[in-house]
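As a plain string of letters, each chain reads:
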Protein chains: 2
Amino acid sequence: MNINEVSKKLDISKDTLRYWEKIGLLPPVKRNASGYRDYSDRDANWVYYIKALRNAGMSIERLLKFVHLYLKDIDDLDRRKELLIEQRKELLAEIAKRQETVDYLTFKIDHFEEHVMNQKDENKGE
Amino acid sequence: MNINEVSKKLDISKDTLRYWEKIGLLPPVKRNASGYRDYSDRDANWVYYIKALRNAGMSIERLLKFVHLYLKDIDDLDRRKELLIEQRKELLAEIAKRQETVDYLTFKIDHFEEHVMNQKDENKGE
DNA sequence: ATAAACCTTGGAGTTAACTCCAATGCAAGA
DNA sequence: TCTTGCATTGGAGTTAACTCCAAGGTTTAT
């Protein structure tokens, strides 16, 4: 698969694919005789995985740390599995943060009339 | 309350407070005789609210739209309540996006051994 | 009354994550 | 073979959201 195919298939710009590779978010992709990138299925899966986590809001800096650890422990499968679990845990923390704000909004919405009354009372005192 | 008190109480830098006000994320704060900001309780609540949504990952651009609509419909309380509900809906969508990725990771984790086997099979074929 | 510690502003600098560009080379059709 | 349309690179430009700074005025403690 050349860069254009991957770009279209996974809906990621070619510039972004090259950028991710340059900074080490993707392992180096093989080249053909004329120096063009030739993505294997595994490369494409990796891209898909990075895309999913970027889309879920994980920063590149954080992802880079995981990627480096993941590539380092090439033979320690338990460790690799742990890394996935850790990554999931971080996403769950992000969800919890948002859920807190949802709860806050829900409170505001449910007490909206009351809230407005209080503001009127405040105005009286000014 | 002066800027330093608000900054400490809500754990937001003074620069950020001034920045938010400058771009219109906070309504203009009253000044005392020498031009220093003097935050009312309502100002502080507003800051708290903005902080909560920024913390939940909502962009300033998106928040600005809400703030402008909110300030525009100063007397339309139903509309204001709707805006809060809309904002909550957007946060819930962000949560759903992250949850999808959590599910993807869970799948990877639960099928980890199997996944590794497949990779070995792939290698055989190369 | 003077130093230290505040506040103000406009504007410059920073970081993340792309995005675009120019120069150059390969590839495929008329 | 010539043109059109891909690919490559290094590096410059962009956007978001701060963050810092300098120059100046104010408040507080000694």
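Preceding this paragraph is the structure being described.
In this report, we go over the structure that sits alongside the text.

Each value, and the rule that gives it
Residues numbered from 1 in each chain as written. Chains lettered and ligands numbered in written order. Predicted model: local features only at pLDDT ≥ 70, side-chain atom pairs only at ≥ 80, totals over all residues. Near = placed C-beta within 6 Å. Helix = DSSP H or I, 4+ residues; strand = E, 2+ residues; numbered from the N terminus. Nonpolar A, V, L, I, M, F, W, Y, C, P; charged D, E, K, R; others polar. Least-squares fit on C-alpha atoms with pLDDT ≥ 70 in both.

With that out of the way, let us pick up the protein's contact with DNA strand D. Around DNA strand D, 18 residues are found, and the nearest of them are A:Asn4, A:Arg37, B:Ser34, B:Ser59 and B:Ile60. Counting residues per element, the ones that place at least two in the surface near DNA strand D are α1 (3-10) and α2 (14-22) of chain A together with α2 (14-22) and α4 (60-72) of chain B. Looking at which element gives the most residues to the surface near DNA strand D, the answer is α2(B), with three residues. Partitioned by chemical class, the residues of the surface near DNA strand D number five nonpolar, seven polar and six charged.

All right, on to the relation of the copies chain B and chain A then. For the match of chain B to chain A, the screw axis carries a shift of 0.0 Å, the RMSD comes to 0.0 Å, and the turn is 180°. The superposition of one copy onto the other is thereby described by a two-fold rotation axis. Considering only C-alpha atoms, the part of chain B nearest the rotation axis is B:Ile95, at 2.8 Å.

Once that is clear, we can look at the protein's contact with DNA strand C. Near DNA strand C, the surroundings consist of 17 residues, among which A:Ser34, A:Ser59, A:Ile60, B:Asn4 and B:Arg37 are the closest. Looking at the surface near DNA strand C, the elements with two or more residues in it are α2 and α4 (60-72) of chain A together with α1 (3-10) and α2 of chain B. If you tally residues by element for the surface near DNA strand C, the top one is α2(A), at three residues. For the surface near DNA strand C, a count of residues per class yields four nonpolar, seven polar and six charged.

The quantities given are spatial measurements derived from coordinates; they are silent on function.
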